[in-house]
Amino acid sequence: MICLGIESSCDETALALVQNGRLLASVLATQVELHALFGGVVPELASREHYRFMGPLFDSLLQKAGISVQNIDAYAVSRGPGLLGALLVGVCFAKGLAFASDKPVLGINHLHAHLLAVGLEKQLVFPALGVLVSGGHTHLYKIHSVDDFEVLGRTLDDAAGEAFDKVGKVLGLAYPAGREFDLLSQRGRDFLTKGDKKLFPRPYLDNDTLDFSFSGLKTAASQYIAKNPELLQPFDSIEEASEPLCRMCAAFTEAVVDTLCSKSAKALHRHSDIQSIIMAGGVAANSHLRVGMQALAQKHSLELLVPSPQLCTDNAAMVAYAGWLYAQKGLFHTLDFEAFARGQVVAENWQGCVKPT
Ligand code: KG4
Ligand code: ZN
């Protein structure tokens, strides 16, 4: 069974084919450089670029895989959360293909797809603690099965990736700043003193919830940078960046990582039946977070499942794979399913779906 996946929720236009649970082929066009000019994603530009890329990418995907459109058995598409206009390009494209070829269509929750992606590389083990850390979202889930996600906590303001990007912007780093921030932090960790470790607060830990709040930490970092303008000295390569800058980045990263790991630990204590930790999203590529989450998993004798870097950031393989998993269970949508924006509450992911009788 071959499932096509389409991803257009933000600034990557991507299509992929999954056959029998394995990736057959994938194509991707990124808009990162275009949006970098504006210091963040411009929604209208993103929609136009998805519209421009979608058709040619579809043709090149079929050519790459050596199949024709008749060989595709189901169409899966990210339906949200994301930028509504951007999502609609993918959703309409998928619906059009499904309608024209009389094949089923599946609207996929983009966040769930991020967490399921590791199933392309490793065995999924449920129930799992899902740690979704991206540029737009920070969610903790208890994942009971491929189509049963329980939200345990979420960010009340900025996402973890957003915090890196916004502080990176204040520091003059290029958007998105997460990767460069990580490289600076890796150097900075060697110089980190006990005092540096207390430089920034561990936000929103003194409460009973599993929610996050990163905006205060972001403000604390911005104020620290304003008081220490020497941090803004330009540099040509990571090796040439100043020691204070690297130390500050390391201290900030530690504050984010400690917060994510503390709340994850709290979730594990509350849900002792959890069998694995799945971490996904762009920030899952962060080297310090990987070490912290690995230590937590080991402490609880659990396996940490993290997809390889190309499956961590936005891609269509994860959408095609999620679609393939649901199709195996006989779950499909009718053509009237809708895309949904970030923050928009939908009753459930399978709203409007046709369940097997
Ligand atoms: O999942 P993703 O590709 O896009 C969505 O937001 O859906 O995540 C992108 C985010 C950006 O905020 C980027 O700065 C961050 O992931 N990121 C990182 C690293 N690599 C990417 N953050 C911290 N450390 C990294 N190594
Ligand atoms: Zn994403």
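Described in the following lines is the structure provided in the data block. All figures in this text were calculated on a predicted structure; none of them were measured in a lab. (Residues numbered from 1 in each chain as written. Chains lettered and ligands numbered in written order. Predicted model: local features only at pLDDT ≥ 70, side-chain atom pairs only at ≥ 80, totals over all residues. Heavy atoms only, no water.)

### Regarding the site of ligand 1
And then number 1: In the region of ligand 1, 20 residues are neighbours, and Gly135, Asp165, Gly178, Gly282 and Asn286 sit closest.
And then number 2: The contact in question runs from an oxygen atom of ligand 1 to an N or O atom on the side chain of Asp165, over 2.6 Å.
And then number 3: In the complex, the protein chains occlude 87% of the 560 Å² of accessible area that ligand 1 would expose alone.
And then number 4: Residue assignment for the shell around ligand 1 shows that the elements contributing at least two residues are helix 4 (110–116), helix 5 (160–170) and helix 6 (178–188).
And then number 5: Looking at the shell around ligand 1, its residues break down into five nonpolar, 11 polar and four charged. (Near = heavy atom within 4 Å. Polar contact = N/O pair within 3.5 Å; in protein donor to acceptor, adjacent residues only side chain to side chain. Areas by Shrake-Rupley, 256 points an atom, 1.4 Å probe, with all protein chains shown as cover. Helix = DSSP H or I, 4+ residues; strand = E, 2+ residues; numbered from the N terminus. Nonpolar A, V, L, I, M, F, W, Y, C, P; charged D, E, K, R; others polar.)

### A look at the pattern of salt bridges
And then number 1: Under the criterion given, the structure shown has 14 salt bridges.
And then number 2: Here Lys218 makes a salt bridge to Asp158, at a shortest N to O gap of 2.7 Å. Taken as a pair, Lys218 in helix 8 (residues 215–227) and Asp158 in the loop between strand 8 (148–154) and helix 5 lie far apart in primary sequence, 60 residues in all. Both residues of the pair, Lys218 and Asp158, count as buried. (Salt bridge = Lys/Arg side-chain N within 4 Å of Asp/Glu carboxyl O. Buried < 20%, exposed > 50% of the residue type's maximum accessible area, 1.4 Å probe, protein only.)

### So, the packing of aromatic side chains
And then number 1: In total, this model carries nine aromatic pairs according to the counting rule given.
And then number 2: Their ring planes at 15° and their centres at 6.2 Å tell us that Tyr321 and Trp324 sit as a pair that is stacked. In this pair, Tyr321 and Trp324 are both assigned in helix 12 (residues 317–328), three residues apart and thus about one turn of the helix distant.
And then number 3: In this structure Tyr321 comes out as buried when scored by relative accessible area, which is 6%.
And then number 4: In this structure Trp324 comes out as buried when scored by relative accessible area, which is 14%.
And then number 5: What links up through ring pairs into an aromatic cluster is the set Phe164, Phe181, Phe200, Tyr224 and Phe252.
And then number 6: Over the ring of Phe53 we find Arg52, and its NZ or CZ is 4.9 Å from the ring centre.
And then number 7: Cation over ring: Lys95 sits above Phe337, and NZ or CZ is 4.7 Å from the ring centre. (Phe/Tyr/Trp six-rings, centres within 6.5 Å; stacked < 30°, edge-to-face > 60°. Lys NZ or Arg CZ within 6 Å of the ring centre and 35° of its normal.)

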